[in-house]
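Read off the chains here:
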Amino acid sequence: MSKNKSSESVKVVVRCRPLNRKEESNGPSGGIVQMDLRLGQVILRNPRAPPSEPQKTFTFDAVYDANSKQRDLYDESVRPLIDSVLAGFNGTIFAYGQTGTGKTYTMQGAWLDPEKRGVIPNAFDHIFTHISRSQSDKQYLVRASYLEIYREEVRDLLDPNHGNARALELRESPETGVYVRDLTSCVCKSIKEIEEVMNVGNQARAVGATDMNEHSSRSHALFLITVECSQPGPDGRKHIRVGRLNLVDLAGSERQAKTGVQGERLKEAAKINLSLSALGNVISALADGRSGHVPYRDSKLTRLLQDSLGGNAKTVMVATLGPSSQHYDETLTTLRYANRAKNIQNQPRVNEDPKDALLREFQREIARLRAQLNHRKWRSKQKKEQVDGEGWDRDGDEETEGEEEEEEVEKDAEEYVKLEEQRLEREKEAIREDQFLLAEEKQRLLGEKERMMGDLRKEQEATEQLTAKYKAMESKLLVGGKNIMDHTNEQQKMLEIKRHEIAEQTRNEREMQQQMLVQDEETLELRETFTSLQQEVEAKTKKLKKLYAKLQCIKAEIQDVNDEHVRSRQELEQTQNELTRELKFKYLIIENFIPPEEKNKIMNRLAFDPEEDQWKFQPLVPAESKSSQMKTRPASAVGYKRPISQYARVAIAMGAHSRYRAENIMFLELDMTPPNTATLDRSAEADPNQSPSMDNSPTKDKGIRKSRSWCQTPKSITSSSSNISLAACHTATSTAAQ
Ligand code: ADP
Ligand code: MG
């Protein structure tokens, strides 16, 4: 498949919520957003500009005004994407917009009101209804995960101790792209189960946050659904297709005020906006198409959405707007953002037979359990038939063919166990009643039978456990057209199909209208023939006016964009200045208060973690040396509380000196001055043992000398000057004696 052939652009739709009560009471200005549903256009009026100024017009794949229904948005803009996911594509829907404009309303909506259910509950319905209506040779496995990104930390919302859990790490594999390591994923068998998963996550989100509003407007929530489908292909083998769906409710896109913030708060504010500004940069880089580098690695969000933006995925972006005139600037920014995203090209492809498909593992495990179970049952059946006296000529390992036969085997196996128990019971009875047996012998035989009974029961228990495990595994796989009850009758089904057709038609109509509009402008000139000069002048003047208006529009747009650039540049510069000041301050502290060797020690412990994209401290003691440290006792301490010298050992044995009785400290003589050493050396030659308590022991002699030589050797080696003075001293004394 060539790249261009399969590439398609990101679908962008815009939705405007109704004015709320507060905005209505604020004044008569009304909304600033007008929508042309037929053409898919948004017309934005600048409340501060004079009425003569042309309004700004943006065209999107679809637009939804204040009266739009959740269902229509789903059927027209989301349904095709979910269908693709069910066919094995990756799909992403993300809601982008200012806080309070209806991102969560669009993604989740009001669960209890069927009319107000958002994209996520409708997608649940869609997926499970599709499974229940598909052919019975298809097997499905549906998994769900839920995570949030808050202050650049990824948190698992399905983890029971979410509040205390540490942030998760992102990893990358060539097979699946970027994924979250150790993320909980729940196998869901029905709409109810997957809704439960969503609820658990939503609660964790609410509990984890001190101020829910604040938290939810600053964190990104990602609900991930993986649908694996296995179907026999034309080659007779089962092929697995894996569709991954990301449902993303982004943080509010409004600018966080950074002015006047310092230190920790500044870092926090910078982090909160990091993911969104990185998303903006990624979208700009992709839409531009010229810059080779796309800064995916700048934030967690962009890394996770890497495939969805310019990669292997189909993507729908829902940009939400508020109609109030107060938020004109933010609304314009959102529209510009959305307009840029339209130009992103993705290369979606079906994920066929990926190595990490969980469904395959499940199928293998189920087959293994089934084989084990069958083997056990056949064995029991075989035994039963031996008991019954029937011949048995089939291989025990042979697998069952039909379900009926399997049931028969199961029945036989159960019967065998029953019969066997009865037989053992009878035999036990017979032994008990046998009068010719010795009591001892009786006991032994009874014990043996008892043991056989035990074995039988254990066997049965094991079989039951195996069956339970097998059934649990099997129940997780959804079989097309089976597991889920489909309550809709034929009429309803028809109604649904008709509705989808209408949605499809609306979509096509809008596309055609948009194309016509473009073509109209291009071909206007070609078609026109003028009967008179006057007419030509009129027509051309009209056209000139039109083009002039367009030119003005574009000029104004350029001016706006420039202003915006200047503003964001100023903001960035300000942030940079503040961060630089902060950095200088830290340097000053380091220079003046931390000794250089300490600083070096800390610097040496720093290591860069490329996965996390940050610097980290290595542990103080390398892990392996830490574990081996102090594991072995020093040789001198064997049998003692602590290291002990030979001298002390001997002294303890002698029991002579009270000093050595309880303590086993080393006996180390300190030789302070060279003359002393000389006297000691000499006296050692003459009389090796000065201590009066030691005279009559030949062994301790050695001990003392040893200890002495140990402490004296270095001295004699190190200081040659002492030797000289020692020699001088010798001669001095000898001359004096003479
Ligand atoms: P966000 O998640 O973008 O911060 P919410 O989804 O919480 O905003 O919406 C804010 C309020 O506006 C909610 O009370 C919601 O019910 C209401 N609202 C948003 N969009 C619509 C809509 N299209 N129709 C009716 N009410 C809406
Ligand atoms: Mg929200």
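A brief look at the structure comes next. (Residues numbered from 1 in each chain as written. Chains lettered and ligands numbered in written order. Predicted model: local features only at pLDDT ≥ 70, side-chain atom pairs only at ≥ 80, totals over all residues. Heavy atoms only, no water.)

Quick look at the packing of aromatic side chains now. Applying the stated rule across the entire model yields six aromatic pairs. Centre to centre, the rings of Phe-58 and Phe-60 are 6.4 Å apart; their planes meet at 20 degrees, and the pair counts as stacked. Across the pair, exposure class does not vary: Phe-58 and Phe-60 are buried alike. Ring geometry for Tyr-96 against Tyr-337: centres 4.0 Å apart, planes inclined by 15 degrees, an arrangement best described as stacked. Taken together, the residues span a long stretch of sequence, with Tyr-96 in strand E7 (residues 90-97) and Tyr-337 in helix H9 (residues 328-341) at a distance of 241 residues. For Tyr-96, a relative accessible area of 4% puts it in the buried group. Owing to a relative accessible area of 9%, Tyr-337 belongs among the buried residues under this scheme. Ring pairs connect the aromatic residues Trp-111, Phe-124, Tyr-146 and Phe-223, which therefore count as one cluster. Sitting over the face of the ring of Phe-89, Lys-314 holds its NZ or CZ atom 4.6 Å from the ring centroid. Stacked on the ring of Phe-60, the Lys or Arg Lys-342 has its end atom at 5.4 Å from the ring centre. (Phe/Tyr/Trp six-rings, centres within 6.5 Å; stacked < 30°, edge-to-face > 60°. Buried < 20%, exposed > 50% of the residue type's maximum accessible area, 1.4 Å probe, protein only. Helix = DSSP H or I, 4+ residues; strand = E, 2+ residues; numbered from the N terminus. Lys NZ or Arg CZ within 6 Å of the ring centre and 35° of its normal.)

Let us look at unusual backbone geometry. Not every positive phi belongs to a glycine, and Asp-182 is a case in point at roughly 65 degrees. With respect to the helices and strands, the residue Asp-182 is situated in the loop between strand E11 (177-180) and strand E12 (186-187). Residue Asp-182 is classed as exposed on the basis of its relative accessible area of 55%. Its identity as a non-glycine residue notwithstanding, Asp-353 has a phi of 45 degrees, on the positive side. Along the chain, Asp-353 falls in the loop between strand E16 (345-346) and helix H10 (358-388).

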